[in-house]
Amino acid sequence: MSDCSFIGTDVGLRFKTTGPGGIVEKIYVKNINMKGIVGEAILFDMYYMAKDPVPLAGEKREAPKVDTLPVTEATPQFRIFM
């Protein structure tokens, strides 16, 4: 991805896998501009569950529970970023 602007979004760049053993690789990022990002500028979601990390305006909810799992062959992988 290149030459992108993110203005007022909940997350800037979001990389996610949907299940066990997924591999995301060979990601090329160049000339990215962000302004007014509510949550994380860059988010790596290893077990994407379709739950936004940032509540909507007026929405009241607790932060998602984060479990630390052991690394196994089923652990999703992100690699080769340039």
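Residues numbered from 1 in each chain as written. Predicted model: local features only at pLDDT ≥ 70, side-chain atom pairs only at ≥ 80, totals over all residues. Heavy atoms only, no water.

A count of helical and extended segments in the protein gives zero helices and six strands. Taken from the N to the C terminus, the helices and strands of the protein come in the order β-β-β-β-β-β. (Helix = DSSP H or I, 4+ residues; strand = E, 2+ residues; numbered from the N terminus.)

The grouping of M34, I42, F44 and F81 at the surface amounts to a nonpolar patch, some 340 Å² of accessible area in total. Here I42 shows up in strand β5 (residues 42–45). (Patch = residues over 30% accessible without salt bridge, like charges linked within 9 Å, V, L, I, M, F, W, Y side chains within 5 Å. Areas by Shrake-Rupley, 256 points an atom, 1.4 Å probe, with all protein chains shown as cover. Salt bridge = Lys/Arg side-chain N within 4 Å of Asp/Glu carboxyl O.)

Attention now goes to unusual backbone geometry. Of note, the phi angle at D3 is positive, near 55°, even though the residue is not glycine. On the basis of relative accessible area, D3 is assigned to the exposed category, the value being 57%. (Buried < 20%, exposed > 50% of the residue type's maximum accessible area, 1.4 Å probe, protein only.)

A word on the side chain of T75. Among the structural elements, T75 can be located in the loop between β5 and β6 (77–81). Within polar-contact distance, the side chain of T75 engages the backbone nitrogen of T72 at 2.8 Å. (Polar contact = N/O pair within 3.5 Å; in protein donor to acceptor, adjacent residues only side chain to side chain.)

The final tally for this structure, using the stated rule, is two salt bridges. D10 is paired through a salt bridge with R14; the nearest N and O atoms lie 3.1 Å apart. With a relative accessible area of 28%, R14 lands in the partly exposed category. R79 is the partner of E25 in a salt bridge, and the nearest nitrogen-oxygen pair spans 2.8 Å. Here the residue E25 occupies a position in strand β3 (residues 23–27), and R79 occupies one in strand β6, the gap between them amounting to 54 residues.

Here we come to the packing of aromatic side chains. The final tally for this structure, using the stated rule, is two aromatic pairs. Measuring from centroid to centroid gives 5.4 Å for F15 and F44, while their planes differ by 20°, and the two rings are stacked. Linking F15 in strand β2 (residues 13–16) with F44 in strand β5, this pair joins segments that are 29 residues apart in sequence. Overall, F15 belongs to the buried group, its relative accessible area being 9%. Pairing F44 with F78 gives two aromatic rings, centres 5.2 Å apart and planes at 75°, and the pair type is edge-to-face. Separated by 34 residues along the polypeptide, F44 in strand β5 and F78 in strand β6 bring together distant segments of the chain. For F78, a relative accessible area of 19% gives the class buried. Each residue in the set F15, F44 and F78 is aromatic and connected to the rest through ring pairs, giving one cluster. (Phe/Tyr/Trp six-rings, centres within 6.5 Å; stacked < 30°, edge-to-face > 60°.)

Scope: geometric values only; no functional claims are made or implied.
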